[in-house]
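The residues making up each chain are set out below.
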Amino acid sequence: MVAETLPIEVTRIKESRIAELHAESLSFGKIFSDHMFIAEYENGHWSRAKIVPYDKIPMSPSCSVMHYGQAIFEGMKAYKNAEGEISLFRPLANYKRINVSAERMAMPSIPEELFMDGLTQLLNLDHEWVPMGEGSALYIRPFLIGTDEYIGVKPSETYKFIIITSPVGNYYNAPVKVLVETNFIRAVEGGVGFVKASGNYGRSLYPTRLAQQKGYDQIIWTDARHHKYVEESGTMNLMFVINDTLITPPIGDTILAGITRDSVLTLARDWGMKVEERKISIDEVLEAHKNGQLQEAFGTGTAATIAHICLIGFQDKKYELPTLPADAFSYRIAKELTGIKKGRLKDPHQWMHKI
């Protein structure tokens, strides 16, 4: 799509809700900042870009997103350093990925200028909502939905692109227990597993609830064909350290190309660690556990950053992982990423985008 620069109309909130923000007790995704960004797509063009007070969105009962699921989103974060400066972590990677999702879901691409200008002006306006505390950030949710008022199976011809933000704390406050899922399926080859489509998350809720009823926090998805190879865990990519080698399933049409995943692999290679992106079966993981070779297992994602796994459930058996030493790779990588994001460490790959 040809780049477009649209003027952004700004309507400020009459009275800020910043008093609702209690930085010392932030949960995840329950409080939203004062404003949101909206742009509309119609007749093949983007228009009506605006920043308005955060509020409900009027929608027709026949709105196509509610019937045919044209809905995609991204997750990203902004951070504040000790000087109060605000930076985004790898926003252009999110911009590129939302357009990969848009293409697969027969939706229009979003111009880079629209994405970045809307994001920048929104954060400048709501800069006080970016928390400074350790483990905290401003979570940013850009999303695109079909808005045709029409009941018929076809791509929508009109869309809304919206960005909302939410100050958040840690997603997980303790290591997680995961259950290997060998019945339900998250994604199939040729499907939309590589897309951040809302339906991918909707279909995960029931099997996750069943696992939580058994005392687990999340599930590990396995491949649809054999239920043999591990793929993702909940909303995270999976990684294992076996015999000092970092192993993770390869991205493809069933696995999301995680930005945190890519960042961890990049830093691991920078540090000279052996990295393997390949299929890994649950049998291989548990055999390594049996032999004392499984040193670490963890998930990576924007929300959680690094989520340590302390227990794996498989076929009615529970496998506890050893307590990690202070110098474990996942602890060091989490500290490195946090240091880069908070401006305390060098940013050799220029991942941070200053607002």
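Look up: the structure comes first, before these words.
Summarised in this report is the structure supplied together with it. On a predicted model such as this, the values are computed, not experimentally measured, just so you know.

Conventions adopted
- Residues numbered from 1 in each chain as written.
- Predicted model: local features only at pLDDT ≥ 70, side-chain atom pairs only at ≥ 80, totals over all residues.
- Heavy atoms only, no water.
- Helix = DSSP H or I, 4+ residues; strand = E, 2+ residues; numbered from the N terminus.
- Expected span 1.5 Å × (residues − 1).
- Buried < 20%, exposed > 50% of the residue type's maximum accessible area, 1.4 Å probe, protein only.
- Axes fitted to C-alpha atoms, helices over the stretch in contact; angles between N-to-C directions.
- Parallel < 35°, antiparallel > 145°, perpendicular 65-115°, else oblique.
- Contact = heavy atoms within 4.5 Å.
- Pairing = 2+ DSSP bridges.
- Core = buried A, V, L, I, M, F, W, Y, C linked by side-chain atoms within 4.5 Å.
- Arc of directions from axis to C-beta.
- Phe/Tyr/Trp six-rings, centres within 6.5 Å; stacked < 30°, edge-to-face > 60°.
- Lys NZ or Arg CZ within 6 Å of the ring centre and 35° of its normal.

## Brief notes about helix 2 (residues 91-104)
Now for step 1: When the terminal C-alpha atoms of helix 2 are compared, their 20 Å separation across 14 residues agrees well with the 20 Å that a helix rising 1.5 Å per residue should span.
Now for step 2: Among all positions in helix 2, only P91, N94, Y95, R97, I98, N99, S101 and A102 are buried.
Now for step 3: Looking one or two residues past helix 2, A106 carries a phi angle of roughly 60 degrees, positive in sign.

## Describing the packing of helix 6 (residues 259-270) against helix 8 (residues 329-341)
Now for step 1: Between helix 6 and helix 8, the least distance of the axes is 11 Å, while the angle of their chain directions is 110 degrees. Classed by the angle they form, the pair helix 6 and helix 8 counts as roughly perpendicular. Across the interface between the two elements, T260, S263, V264, L267 and A268 from helix 6 touch F329, I333, E336 and L337 from helix 8.

## Some details on the pairing of strand 16 (residues 305-314)
Now for step 1: Counting buried residues along strand 16, nine of its 10 residues qualify, which places the element largely inside the surrounding structure.
Now for step 2: Looking at chain direction, strand 9 (residues 176-181) and strand 16 are connected through four bridges and run parallel. Residue V178 lies in a different strand from strand 16, and its bridge partner there is I312.
Now for step 3: Hairpin connection, strand 15 (residues 294-301) to strand 16: the antiparallel pair is bridged by three residues.

## Examining the nonpolar core
Now for step 1: Of all hydrophobic cores here, the largest spans 38 residues; its most connected members are F37, I72, F115, L144 and F161.
Now for step 2: Among the elements of the structure, strand 2 (35-42), strand 3 (45-53), strand 5 (76-80), strand 6 (86-89), helix 2, helix 3 (112-125), strand 7 (137-146) and strand 8 (159-168) are those that each provide at least two residues to this core.
Now for step 3: If you tally residues by element for this core, the top one is helix 3, at seven residues.
Now for step 4: Ignoring sequence-local partners within four residues, the contact set of F115 consists of M76, P91, N94, Y95, I98, I110, P142, F161 and I163.
Now for step 5: Formed by 22 residues, the second largest nonpolar core is a distinct cluster that contains L246, I259, F298 and L337.

## Side note on helix 7 (residues 282-290)
Now for step 1: Within the sequence span of helix 7, burial applies to I282, V285, L286 and A288. The buried residues of helix 7 occupy an angular sector of 155 degrees when the element is viewed end-on, so they sit on one face.
Now for step 2: Here the buried face of helix 7 lies against strand 9, strand 11 (230-233), strand 12 (236-242), strand 15, strand 16 and strand 17 (317-320).
Now for step 3: In the segment just after helix 7, G292 is the residue with positive phi, at about 75 degrees.

## Some details on the packing of aromatic side chains
Now for step 1: For the structure shown, the criterion picks out 15 aromatic pairs.
Now for step 2: Look at F115 and F161: their rings are 5.9 Å apart centre to centre, the planes differ by 20 degrees, and that puts the pair in the stacked class. Here F115 is found in helix 3, whereas its partner F161 is found in strand 8, with 46 residues between them in sequence. As far as the burial class goes, F115 and F161 line up, both buried.
Now for step 3: Ring centres of F184 and Y206 lie 5.6 Å apart, and the angle between their planes is 90 degrees; on these two criteria the pair is classed as edge-to-face. Of the two residues, F184 sits in the loop between strand 9 and helix 4 (198-202) while Y206 sits in helix 5 (residues 205-213), which places them 22 residues apart along the sequence.
Now for step 4: Across the ring face of Y229, the terminal group of K279 is positioned such that the distance to the ring centre comes to 5.2 Å.

Treat this as a map of the structure, not an account of what it does.
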